[in-house]
Protein chains: 4
Amino acid sequence: MSHTIKDKSRLLARVHRVRGQVEAVERALEAELGCGDVLQLVASVRGAINGLTLELIEEHIRHHVVDPATEPDAGKAQGAAELIEVLRTYLK
Amino acid sequence: MSHTIKDKSRLLARVHRVRGQVEAVERALEAELGCGDVLQLVASVRGAINGLTLELIEEHIRHHVVDPATEPDAGKAQGAAELIEVLRTYLK
Amino acid sequence: MSHTIKDKSRLLARVHRVRGQVEAVERALEAELGCGDVLQLVASVRGAINGLTLELIEEHIRHHVVDPATEPDAGKAQGAAELIEVLRTYLK
Amino acid sequence: MSHTIKDKSRLLARVHRVRGQVEAVERALEAELGCGDVLQLVASVRGAINGLTLELIEEHIRHHVVDPATEPDAGKAQGAAELIEVLRTYLK
């Protein structure tokens, strides 16, 4: 995944945090916490997964399609910037 | 979480599988797999989290609100059964 | 839909607003507005649909399963209140 | 919205259908259909909105970022094709 080599350690740190959140769900089930508490923990895993998805897609766009910061064609640069903004709205 | 005591081991097995899927994402990032492959793994984590959420909510309804299988009031039993069916559609 | 008779006019007003938002998308396409603008309008339809869904499900719970405000069984009343709170988180 | 001029009539037909689905929800509420039926109609509006969103985003990518079918840079063409495929998974 060449576009993540550079940012590999940051992405790995993020996935480690997701794993920690999943382990918190396990501990909550073991400890027989209330339903609301367990579901809140599961909701935070879901939020973290959505954030990770968005970051991976953004990196894919920047590294394998068009990077708005370096693209010489102004139209494509703007198109890619708009795309990233739209995806931030939809993948939240 | 009284409604999960009975089903605790099944739910725990399910969360263990989610953790395994998160670890697969980590390994894919470490191994620098292609973007599409990593995102596919992340999508399967998301699917598993949605399935877990649905199961927890269903159990909550059956054990803490109304269990369609044992509720004596036919109207409430049907209302709870419809609710579960609707949530299966929406939380997928 | 007996649980919406009482709140029928409020729900209808809400659906009318959704229709108005869909018509705004049509006008934006006719007027050849920019992609970002059209997608923003579509995102607001989606948000309105999610809000409507949540309201319909909440009313279904209150009127056909357990109403936390009137249920004499304290455990069920609390279970239904927690359920509504959880669904507000997940269906947003 | 230059990328939709060409496909404008197709997109407009799609939005018209969404409006028809919203009107069906209105009629269902007026006719006091059962909760499950109304929610099913609302779910189909949501599905149609997600489909419209995906189509608008795909067209944006093809017309304003990179069109996999015509892009001379093979890496970018593949990157854009993978992006579209990933979004189809995530925006469903």
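Below: a short report on this structure. Note that this is a predicted model, so its numbers are computed, not measured.

The rules behind the values
- Residues numbered from 1 in each chain as written.
- Chains lettered and ligands numbered in written order.
- Predicted model: local features only at pLDDT ≥ 70, side-chain atom pairs only at ≥ 80, totals over all residues.
- Heavy atoms only, no water.
- Helix = DSSP H or I, 4+ residues; strand = E, 2+ residues; numbered from the N terminus.
- Rg over C-alpha atoms; globule rule 2.2 N^0.38 Å.
- Buried < 20%, exposed > 50% of the residue type's maximum accessible area, 1.4 Å probe, protein only.
- Contact = heavy atoms within 4.5 Å.
- Areas by Shrake-Rupley, 256 points an atom, 1.4 Å probe, with all protein chains shown as cover.
- Lys, Arg positive; Asp, Glu negative; His and termini not counted.
- Charge placed at Lys NZ, Arg CZ, Asp CG, Glu CD.
- Core = buried A, V, L, I, M, F, W, Y, C linked by side-chain atoms within 4.5 Å.
- Buried area = accessible area lost by both parts, 1.4 Å probe.
- Salt bridge = Lys/Arg side-chain N within 4 Å of Asp/Glu carboxyl O.
- Polar contact = N/O pair within 3.5 Å; in protein donor to acceptor, adjacent residues only side chain to side chain.
- Nonpolar A, V, L, I, M, F, W, Y, C, P; charged D, E, K, R; others polar.
- Least-squares fit on C-alpha atoms with pLDDT ≥ 70 in both.
- Axes fitted to C-alpha atoms, helices over the stretch in contact; angles between N-to-C directions.
- Parallel < 35°, antiparallel > 145°, perpendicular 65-115°, else oblique.
- Left-handed = near helix turned anticlockwise from the far one by under 90°.
- Expected span 1.5 Å × (residues − 1).

### Observations regarding the overall build of chain A
Then, in step 1: Along its length, chain A carries four helices and zero strands.
Then, in step 2: Along the chain direction, N to C, the helices and strands of chain A fall in the order α-α-α-α.
Then, in step 3: The C-alpha radius of gyration of chain A comes to 17 Å, more than 25% above the 12 Å expected for a compact globule of 92 residues.
Then, in step 4: Classification of the 92 residues of chain A by burial places 51% in the buried group.
Then, in step 5: Residue pairs at least 24 apart in sequence account for 61% of intrachain contacts in chain A once pairs closer than 6 positions are excluded.
Then, in step 6: Looking at chain A as shown, the accessible area adds up to about 4,100 Å², and 50% of this sits on carbon and sulfur atoms.
Then, in step 7: Charge separation in chain A, taken as the distance between the mean sites of 12 positive and 14 negative side-chain charges, equals 3 Å.

### A word on the nonpolar core
Then, in step 1: Ranked by internal contacts, the top residues of the largest apolar core, which has 119 residues, are I57 of chain A, I57 of chain B together with I57 of chain D.
Then, in step 2: Leaving out residues up to four positions away in the same chain, I57 of chain D has contacts with L83, V86, L87 and Y90 of chain A, L39 of chain C together with L87 and L91 of chain D.

### Digging into the side chain of E58 of chain A
Then, in step 1: Along the polypeptide, E58 of chain A turns up in helix α3 (residues 35-65).
Then, in step 2: Dropping the residues within four chain positions of it, E58 of chain A is found in contact with I84 and R88 of chain A.

### Remarks on the interface of chain B and chain C
Then, in step 1: At the interface, 18 residues of chain B touch 18 residues of chain C.
Then, in step 2: Per-residue buried area on chain B facing chain C is highest for H60, V65 and L83 of chain B; these three make up 34% of the total on that side.
Then, in step 3: Taking the shortest distance from any N to any O, the salt bridge between E71 of chain B and K76 of chain C comes out at 3.2 Å.
Then, in step 4: Between the two partners, chain B and chain C, sit four residue pairs in polar contact (both at pLDDT 80 or more).
Then, in step 5: Broken down by secondary-structure element, the contributors of at least two residues to the side of chain B that touches chain C are α3 (35-65) and α4 (74-90) of chain B.
Then, in step 6: For the side of chain B that touches chain C, the leading source of residues is α4 of chain B, giving nine residues.
Then, in step 7: Broken down by class, the residue content of the side of chain B that touches chain C amounts to ten nonpolar, five polar and three charged.

### Some words on the relation of the copies chain B and chain A
Then, in step 1: Superposition of chain B onto chain A requires a rotation of 180° combined with a translation of 0.0 Å along the rotation axis, giving an RMSD of 0.0 Å. Such a combination of rotation and displacement between the chain copies is what one expects of a two-fold axis.
Then, in step 2: When the interface residues of chain B are mapped onto chain A, 100% of them are again interface residues, pointing to one common binding face.

### Examining the relation of the copies chain B and chain C
Then, in step 1: Overlaying chain B on chain C yields an RMSD of 0.0 Å, the required transformation being a rotation through 180° with an accompanying axial translation of 0.0 Å.
Then, in step 2: With an isologous cut-off of 70% or more, the 100% of interface residues of chain B that recur at the interface of chain C puts this contact in the isologous class.

### Some details on the packing of helix α2 (residues 8-30) of chain B against α3 of chain B
A pair of packed helices can be characterised by two numbers: the angle between their axes and the separation between those axes.
All names here are of chain B.
Then, in step 1: Following both chains from N to C, one finds α2 and α3 inclined at 165°, their axes separated by 9 Å at the closest point. The pairing of α2 with α3 is recorded here as roughly antiparallel in orientation. α3 is crossed by α2, and the crossing has left-handed handedness. Contact residues: R10, L11, R14, V15, V18, Q21, V22, A24, V25, A28 and L29 in α2; V38, L41, V42, S44, V45, A48, I49, G51, L52, E55, L56 and E59 in α3.
Then, in step 2: In terms of residue class, the contact of α2 with α3 is made up of 16 nonpolar, three polar and four charged.

### Remarks on the interface of chain B and chain A
Then, in step 1: Contacts between the two partners involve 33 residues from chain B and, on the opposite side, 33 residues from chain A.
Then, in step 2: Taken together, both faces of the contact between chain B and chain A bury some 3,000 Å²; the carbon and sulfur share is 74%.
Then, in step 3: In this structure, the connection of chain B to chain A is made through six salt bridges.
Then, in step 4: Close ionic contact of E23 of chain B with R19 of chain A constitutes a salt bridge, the shortest N to O distance being 3.5 Å.
Then, in step 5: Applying the counting criterion to the chain B and chain A interface returns nine residue pairs in polar contact (both at pLDDT 80 or more).

### Digging into helix α4 (residues 74-90) of chain A
Then, in step 1: The terminal C-alpha atoms of α4 of chain A, which comprises 17 residues, lie 24 Å apart, in line with the 24 Å expected from a rise of 1.5 Å per residue.
Then, in step 2: Burial in α4 of chain A covers these residues: A77, G79, A80, L83, I84, V86, L87 and Y90 of chain A.
Then, in step 3: Buried residues belonging to α4 of chain A abut α3 of chain A, α3 (35-65) of chain C together with α3 (35-65) and α4 (74-90) of chain D.
Then, in step 4: Backbone nitrogen of G75 of chain A and a side-chain oxygen of the N-cap are separated by 2.9 Å at the start of α4 of chain A; the cap is D73 of chain A.

### A closer look at the environment of V66 of chain C
Then, in step 1: Residue placement: V66 of chain C occurs in the loop between α3 and α4 (74-90).
Then, in step 2: Taking the C-alpha atoms as reference points, V66 of chain C and Q78 of chain C, separated by twelve residues in sequence, lie 9.8 Å from one another.
Then, in step 3: The contact partners of V66 of chain C, leaving out residues within four places of it in the chain, are V65, V66 and K76 of chain B together with I61, E71, K76, A77 and A80 of chain C.

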